[in-house]
Every structure is written in structure tokens, then in C-alpha cells.
Amino acid sequence: MGLSLLAAGCSQAGGNTPGASEGKSGAKEEAIEWNNPLVEQRVDPFVMRHTDGYYYFTASVPEYDRIEVRRAKTLGELAKAETVTVWQKHESGPMSKHIWAPEIHHIDGKWYIYFAAARTNAPFDHRIYVLENASANPLEGTWTEKGQLKTDWESFALDATTFEHKGTRYLVWAQKDPSIYGNSNLYIAPMTNPWTLGGRQVLISQPEYDWEQIGFWVNEGAAVIKHDGRLFMTYSASATDANYAVGLLTASESADLLDPKAWTKSEKPVFATSEENGQYGPGHNSFTVSPDGKRDIMVYHARSYKEITGDPLYDPNRHARAKYVTWNADGTPNFGVPLPDTKQEK
């Protein structure tokens with residue numbers, strides 16, 4: 001989700017097909033298949049392409065009071081797709097304030113949504129929760145609360161994501177370790193089922209570089225993509241203004257992912273503000289694929305202006321955007337820079 005400036009809280013060039021035009025950067029950019037913004041005023045965007053051929057989209061809404069899901073056959077159609085509110089915050093107690101960063105996953109024949117929520121009397125003391133739906137279409141059926149996903153500490157926790165690797169399902173999330181200075185670090189643990197950890201949690205990244213410590217000491221918003229024998233984990237760092245940026249962890253597919261030494265951290269951000277393209281604070285991305293499954297796509301949020309009045313957390317104009325990920329000759333991802341806003345009319 002991100003941290004505000006006032007309180008702790010919160011696989012390619014973007015949207016392209018063959019054919020070229022000049023972007024603001026002067027580099028050749030391909031013709032765009034979708035508008036950027038992809039969906040306006042949606043933060044921490046998560047998109048998955050399911051086996052039914054639909055793209056499913058969820059994200060934080062400006063009111064931070066509910067979870068929405070929409071679906072479309074193409075990314076470009078998501079902006080106008082039917083949106084269903086599948087869950088609303090409680091009036092009080094757990095899950096009653098600041099509903100942040102939902103992710104929707106299809107696991108063992110059921111749908112799950114991971115999200116973070118605080119309480120009205122402790123609006124920045126988040127925990128991770130899970131919803132379940134057995135319907136074939138997650139816009140239908142009943143979403144059941146599976147409760148809090150328990151970690152090693154009762155402390156600020158958010159931005160849970162899950163992935164499977166070599167027969168084991170893992171959870172990665174951001175949490176405050178009471179014994180470590182800073183706001184949140186990244187942890188990984190195996191799972192016994194989609195709402196329960198099945199082993200000890202392991203610290204794999206904490207803010208250590210200057211660019212991760214601007215405004216707040218934050219590592220959060222992880223997303224995993226596999227390519228060429230490696231796992232790449234993006235994450236976001238610093239406050240949710242123009243300093244917000246994406247970092248990268250890398251592990252071999254044959255490594256023990258629960259060994260902190262298996263993960264190598266890039267010293268510099270791999271995706272950051274582009275003054276030239278008018279894109280500020282890109283981050284909290286997810287990954288999906290093109291309809292033919294051959295190209296990887298990064299979905300992220302960013303603002304189109306730098307100066308913010310008041311707390312960035314309550315500025316609603318971080319919009320969901322998308323761009324292709326390209327792959328370097330050595331098999332590493334190239335995220336490029338956030339592309340300028342487009343106004344493609346359909």
C-alpha cells in the first residue's frame with residue numbers, strides 16, 4: 001500500500017505492439033494497446049489472467065473502505081468493465097479501517113483475496129486477512145472471511161502476495177519487526193493452506209540503501225515473476241510521493257527460497273520516477289501476461305504530477321498503469337521507465 005508522510009501505513013515498454021512512435025524520451029516506443037492510466041484512482045493494482053481468458057483486476061480504492069473486483073478480456077477494457085464490490089469494511093473492530101492492497105489469486109479451484117486492514121481506533125496498525133470464494137466467477141458467489149493470516153508477531157503487516165514454486169506455496173509480505181528500526185521489511189514463509197503459514201518466517205529484505213529510506217524506511221508491495229531459471233521479486237520502497245520506487249531481489253530457481261542468502265538485492269531501483277515522462281512515484285506492481293501468454297506485463301501505479309498538497313496517502317490520483325517487461329540478454333528483466341500518459345480513443 002505505502003506509507004503516508006504523516007503516519008506509518010500503508011514479463012517490454014508499456015502497453016506496446018509492433019510499430020513505432022516517438023515518446024517524450026526520444027526513444028522508439030511501440031504502438032499502445034491500452035490507455036495509460038489503465039484504471040484511474042486505483043492504487044496497488046493487482047491483475048491476473050485466468051485460464052478462462054479473463055483479466056481479473058483489484059486494487060485499493062480512494063475511500064479505503066471496500067474491495068472491488070472487475071474482469072475483462074483485454075487490459076484495455078478494464079477501465080469500463082463492470083465493477084463488483086465483493087466485500088466492505090466492518091463498522092468497528094478488526095477490518096474496520098484503511099482497507100489496503102487487495103490481491104486476487106486462484107488456488108486449488110477456489111478464489112482467494114489477500115488484503116490488509118486496520119481498526120478505527122488504530123488506523124495504521126494493519127494486519128493481513130484472507131477471503132475465500134468457491135464460485136467459478138469471483139464476481140459471483142459468496143466471499144467468506146477466513147480471518148487473520150497469523151505471522152510471528154502482532155505488528156504492522158500488509159501487502160501479502162503468494163506464489164507456488166516446485167510444489168510449495170509461499171507467502172511474501174511486509175511487516176514491522178519490533179526489534180528492527182524502520183517501518184517494514186519483506187518476509188517469506190511456506191504455507192500449509194491459502195490462509196495459514198506452515199513454517200517460520202524469514203527476513204529477505206529490509207531498507208538499507210538511501211533510496212529505500214526517504215520519508216519512511218519501507219520495503220513492501222512484493223511481486224514475483226519467473227524467467228530463465230530465476231525468480232525475480234520486485235518490491236517498493238520509501239514514502240508514497242515522488243520518491244517511491246521499485247527494487248529487485250533475485251534467486252535461482254534451484255535455491256532454498258527460505259535461505260536469506262538465496263536472494264540477491266539490486267543496489268539501485270529498477271523502476272522510478274520519470275520527470276521527462278511526467279510519471280512520479282511508480283510502484284506496488286503486479287505481473288500478468290499478454291493474451292497469448294508470450295509477453296510479460298507489469299501493472300503498477302503512479303501519479304502524473306509531483307507536488308502534492310497534504311498527506312500523499314489521501315491524494316487519490318495514483319492511477320493504475322501497465323507496460324511490457326523486456327528481458328535482457330543475460331535473462332534479467334528490463335522495466336525501462338514509466339511511460340507518459342496516453343489518450344487512445346477506441
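What you see is a predicted model; the values in this text were computed from it and never measured. For every chain, the first residue of its written sequence is number 1, and the numbers climb from 1 along that sequence. Given that this is a predicted model, residues contribute local features only at a pLDDT of at least 70 and side-chain atom pairs are listed and counted only at 80 or more, while totals for whole chains, interfaces and linings are drawn from all residues. To obtain the side-chain values, all non-hydrogen atoms of the structure were used and water was disregarded.

Draft legend 1. Structural view of the sheet that holds strand β17 (residues 230-237). Here, a strand pair is defined by DSSP locating no fewer than two bridges between the strands. Strands are runs of DSSP state E lasting at least two residues, helices are runs of H or I lasting at least four, and both sets are numbered from the N terminus onward. Pairing within the open sheet is antiparallel, and its four strands lie in the order β16-β17-β18-β19. Each of the sheet's edge strands pairs with one partner strand only, and the pair in question is β16 (219-227) and β19 (264-265). Note: β17 against strand β18 (residues 245-252), eight bridges, orientation antiparallel. Opposite T234, over in β18, you have L248 as the bridge partner.

Draft legend 2. Inspection of the side chain of E220 at higher detail. On the secondary structure map, E220 appears in strand β16. It is R318 that comes nearest to the buried, bridge-free E220 among opposite-charge side chains, at 6.6 Å. In the analysis that follows, any N or O atom pair within 3.5 Å is treated as a polar contact, provided that within protein one partner can donate a hydrogen and the other can accept it, and provided that, for residues neighboring in sequence, both atoms belong to side chains. At 2.5 Å, the side chain of E220 forms a polar contact with the side chain of Y244. The cut-offs for exposure are 20% and 50% of the maximum accessible area for each residue type, with area from a 1.4 Å probe on protein chains only; residues under the lower value are buried, those over the upper are exposed, and the others partly exposed. Here Asp and Glu are counted as negative and Lys and Arg as positive; His is not counted, and neither are the chain ends. By definition, a salt bridge exists where a carboxyl oxygen of Asp or Glu is found within 4 Å of a side-chain nitrogen of Lys or Arg.

Draft legend 3. Here's a closer look at the sheet that holds strand β6 (residues 83-88). Here four strands make up an open sheet; going across it, the order is β3-β4-β5-β6 and the pairing antiparallel. Edge positions in the sheet fall to β3 (43-49) and β6, since each has one partner strand and no second. Along the sheet, successive strands turn relative to each other by an average axial angle of 25°, direction set aside. Bridge count for strand β5 (residues 66-72) against β6 is five bridges, and the pairing is antiparallel. Bridge pairing in β6 links V69 to V84. Note on definitions: angles span 0 to 180 degrees between N-to-C directions of axes, and those axes are lines fitted to C-alpha atoms, for helices only across the stretch in contact.

Draft legend 4. Looking closely at the pairing of strand β21 (residues 296-303). Burial within β21 is extensive, with eight of its eight residues counted as buried. Here β21 shows no split at all, with D296, M298, Y300 and A302 on one side and I297, V299, H301 and R303 on the other all buried. Across six bridges, the pairing between strand β20 (residues 280-289) and β21 is antiparallel. From the neighbouring strand, V289 faces β21, where its bridge partner is D296. Note that β21 and strand β22 (residues 319-324) share six bridges and pair antiparallel. Across the sheet, residue H301 finds its bridge partner in β22, namely A320.

Draft legend 5. View of the pattern of salt bridges. Inspection of the entire model under this criterion finds 17 salt bridges. For E208, the salt bridge goes to K265, with nearest N and O atoms at 3.3 Å. Pair noted here: E208 is in the loop between β15 (202-205) and β16 and K265 is in strand β19, with a separation of 57 residues, a long-range link. Taking the relative accessible area as the measure of exposure, E208 reaches 46% and is therefore partly exposed. Accessibility expressed as a relative area gives 15% for K265, which makes it buried. For the salt bridge of R303 with D315, the shortest nitrogen-to-oxygen distance reads 3.3 Å. Here D315 lies in the loop between β21 and β22 and R303 lies in strand β21, a separation of twelve residues in the sequence. Owing to a relative accessible area of 10%, D315 belongs among the buried residues under this scheme. Three or more residues are tied together by salt bridges with common partners; here these are R42, E63, D65, R66 and E68.

Draft legend 6. Seen up close, the packing of aromatic side chains. Classification of ring pairs rests on two measures: the distance between centres of Phe, Tyr or Trp rings, Trp counted by its six-membered ring, which must be within 6.5 Å, and the angle between planes, read as stacked under 30 degrees, edge-to-face over 60 and tilted in between. For the structure on display, the rule yields 17 aromatic pairs. Ring plane angle 80° and centroid distance 4.9 Å describe the contact between F271 and Y300, whose orientation is recorded as edge-to-face. Of this pair, F271 sits in the loop between β19 and β20 while Y300 sits in strand β21, placing them 29 residues apart in sequence. An aromatic cluster of three or more residues is present, and its members are Y64, W100, F124 and Y314. Lying over the aromatic face of Y55, R49 brings its terminal NZ or CZ to 5.7 Å of the ring centre. Whether a charge lies above a ring is judged from NZ of Lys or CZ of Arg, which has to be within 6 Å of the ring centre and within 35 degrees of the ring normal. The lysine or arginine in question, R71, covers the ring of Y54, its NZ or CZ lying 3.7 Å from the ring centre.

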